[in-house]
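Here is what each chain is made of, one letter per residue.
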Amino acid sequence: HNQGITFTASLTPQLGGNATGTITFVDGSNSLGKATVANNSSAITVSTLAIGTHSITTSYSGDSNFISTTSSALSQIVGKCSTTAALTSSANPSVVGQVLTFSATVSSPFGSVPNGETVTFQDGGVAIATAALNGGVASVNISNLIAGTHNITLTYNGDAQFAASVASISQVVNKNASSAVVASRLNPSSYGQLLTFTATVATANTPTGSVTFQSDGNTLGTVALAGNSASLSTSFLGAGSHSITAVYSGDATYMTAASQPLTQIVNKASPSAYLQTSQNPSVSGQSVTFTVN
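Residues numbered from 1 in each chain as written. Predicted model: local features only at pLDDT ≥ 70, side-chain atom pairs only at ≥ 80, totals over all residues. Heavy atoms only, no water.

(A) A look at the overall build of the protein. Scanning the protein from terminus to terminus reveals 0 helices and 26 strands. Against the 2.2 N^0.38 benchmark of 19 Å for 293 residues, the protein shows a C-alpha radius of gyration of 44 Å, more extended than a compact globule. When the backbone C-alpha atoms are referred to their principal axes, the protein occupies close to 170 × 25 × 25 Å. Across the 293 residues of the protein, 35% fall into the buried class. For the protein, the share of sequence-separated contacts (at least 6 apart) that also reach a separation of at least 24 residues comes to 56%. Accessible area of the protein: about 16100 Å², with a carbon and sulfur share of 51%. Side chains of the protein give 5 positive and 7 negative charges; the mean places of these two sets differ by 21 Å. (Helix = DSSP H or I, 4+ residues; strand = E, 2+ residues; numbered from the N terminus. Rg over C-alpha atoms; globule rule 2.2 N^0.38 Å. Buried < 20%, exposed > 50% of the residue type's maximum accessible area, 1.4 Å probe, protein only. Contact = heavy atoms within 4.5 Å. Areas by Shrake-Rupley, 256 points an atom, 1.4 Å probe, with all protein chains shown as cover. Lys, Arg positive; Asp, Glu negative; His and termini not counted. Charge placed at Lys NZ, Arg CZ, Asp CG, Glu CD.)

(B) Fine view of the sheet that holds strand E21 (residues 229-234). Spatially, E16-E18-E21 is the arrangement adopted by the 3 strands of the open sheet, whose pairing is antiparallel. Unpaired on one side and paired on the other, strand E16 (179-184) and E21 mark the two borders of the sheet. Strand-to-strand twist across the sheet, computed as the mean angle between neighbouring axes with direction ignored, equals 20°. The sheet contact formed by E16 and strand E18 (residues 195-202) spans 6 bridges and is antiparallel. Note that in E18 the partner of Ser 184 across the bridge is Phe 197. (Pairing = 2+ DSSP bridges. Axes fitted to C-alpha atoms, helices over the stretch in contact; angles between N-to-C directions.)

(C) Structural view of the side chain of Ser 178. When you line up the elements, Ser 178 lands in the loop between strand E15 (165-174) and E16. Of the polar contacts made by the side chain of Ser 178, one reaches the backbone oxygen of Met 255; its length is 2.6 Å. Among residues more than four places away in sequence, those in contact with Ser 178 are Val 201, Ala 202, Thr 203, Tyr 248, Tyr 254, Met 255, Thr 256 and Ala 257. (Polar contact = N/O pair within 3.5 Å; in protein donor to acceptor, adjacent residues only side chain to side chain.)

(D) Layout of the nonpolar core. Residues Leu 87, Phe 102, Val 119, Phe 121, Val 140 and Leu 154 are the most contacted members of the largest nonpolar core, which totals 25 residues. If you list the elements that add at least two residues to this core, you get strand E8 (84-89), strand E10 (100-107), strand E11 (118-123), strand E12 (126-132), strand E13 (137-142), strand E14 (148-156) and E15. Here this core takes 4 residues from E10, the largest share from any one element. Ranked by size, the runner-up nonpolar core spans 17 residues in total, among them Phe 213, Ala 230, Ile 244 and Val 266. (Core = buried A, V, L, I, M, F, W, Y, C linked by side-chain atoms within 4.5 Å.)

(E) Summary view of the environment of Thr 24. With respect to the element layout, Thr 24 can be found in strand E2 (residues 22-27). What makes Thr 24 buried here is its relative accessible area of 16%. When the C-alpha atoms of Thr 24 and Ser 59 are compared, they prove to be 5.1 Å apart, with 35 residues separating the residues in sequence. If we skip the residues at most four places from it in the chain, Thr 24 touches Ser 31, Gly 33, Lys 34, Thr 57, Thr 58 and Ser 59.

(F) Representation of the sheet that holds E10. A sheet is described by the order of its strands in space; here 3 strands give the open sequence E8-E10-E13, paired in antiparallel fashion. Only two strands of the sheet have a single partner each, and these edge strands are E8 and E13. The sheet shows a mean angle of 15° between the axes of neighbouring strands, taken without regard to direction. Relative to E13, E10 runs antiparallel, the two sharing 6 bridges. Looking at E13, one finds that Ser 103 is bridged to Ser 139.

(G) Spotlight on unusual backbone geometry. Note that the residue after Asn 92, namely Pro 93, is joined by a cis bond; omega there is 5°. Mapped onto the elements of the fold, Pro 93 is located in the loop between E8 and strand E9 (94-95). With an omega dihedral of 5°, the bond running from Asn 280 to Pro 281 counts as a cis peptide bond. Inspection of the secondary structure puts Pro 281 in the loop between strand E25 (275-277) and strand E26 (290-292). One non-glycine residue with positive phi stands out, namely Asp 216, at about 55°. Inspection of the secondary structure puts Asp 216 in the loop between strand E19 (210-215) and strand E20 (218-224). For Asp 216, a relative accessible area of 43% puts it in the partly exposed group.

Right, dumping it as structure tokens:
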């Protein structure tokens with residue numbers, strides 16, 4: 001459909017010579033046009049034939065030397081216009097929550113383009129949006145793709161004039177970046193004192209997940225986030241210098257993150273001593289027990 005088709009009619013004079021005059025090309029009972037005979041032939045190009053099967057005949061007008069004649073019918077099949085679909089993304093790779101614009105273009109090699117028909121956008125075979133073509137172009141905005149690689153497909157189903165076509169792209173969606181810091185409420189401290197470490201996770205929106213607290217590479221415990229922070233208390237750190245880190249687990253939206261180490265100083269405790277006696281006053285020769293606490 002819409003493709004230029006050239007029909008050529010040839011005359012064969014039985015006794016030779018060159019015919020003149022015109023040849024009329026007919027589609028069924030509808031005239032397609034006339035063409036002047038030159039060198040015993042004429043041709044006409046048309047691009048208006050409707051989709052379907054057409055019976056094309058020619059009628060020679062005759063001239064002073066040759067009588068008029070009509071050709072046998074030629075069956076011309078006209079199919080739908082082929083189309084080519086193309087799909088692009090406004091950002092690839094992207095991050096979770098980012099608004100992506102998927103743009104579709106449906107074109108035909110014969111000039112005209114589909115207009116008004118609906119195209120479907122799919123993610124892994126599941127429809128996520130539809131849009132109407134305007135001059136062969138349509139676009140949609142999508143912001144809910146989860147982290148991972150998505151097979152985004154554009155499907156144009158065609159219509160009475162245009163054949164269907166499909167295009168696809170691989171859309172990569174990454175998790176958003178995050179960062180973590182850890183702080184101590186008491187630094188330095190003394191052996192036996194209760195220490196509270198607080199981790200704060202920085203993200204664009206409120207994250208989920210948990211934070212694992214570590215001391216010198218050993219796990220102290222894991223605490224679920226409440227908002228953007230999590231806290232852990234312990235009194236079991238020995239005297240000395242300890243490297244404290246907080247590791248955020250990440251979630252469906254945000255990547256994992258580890259804090260810079262915090263140096264926690266735990267000093268030796270300063271005990272007090274007192275003396276007790278088992279008998280006071282006592283008498284000479286009596287056994288007395290002295291106890292130091």
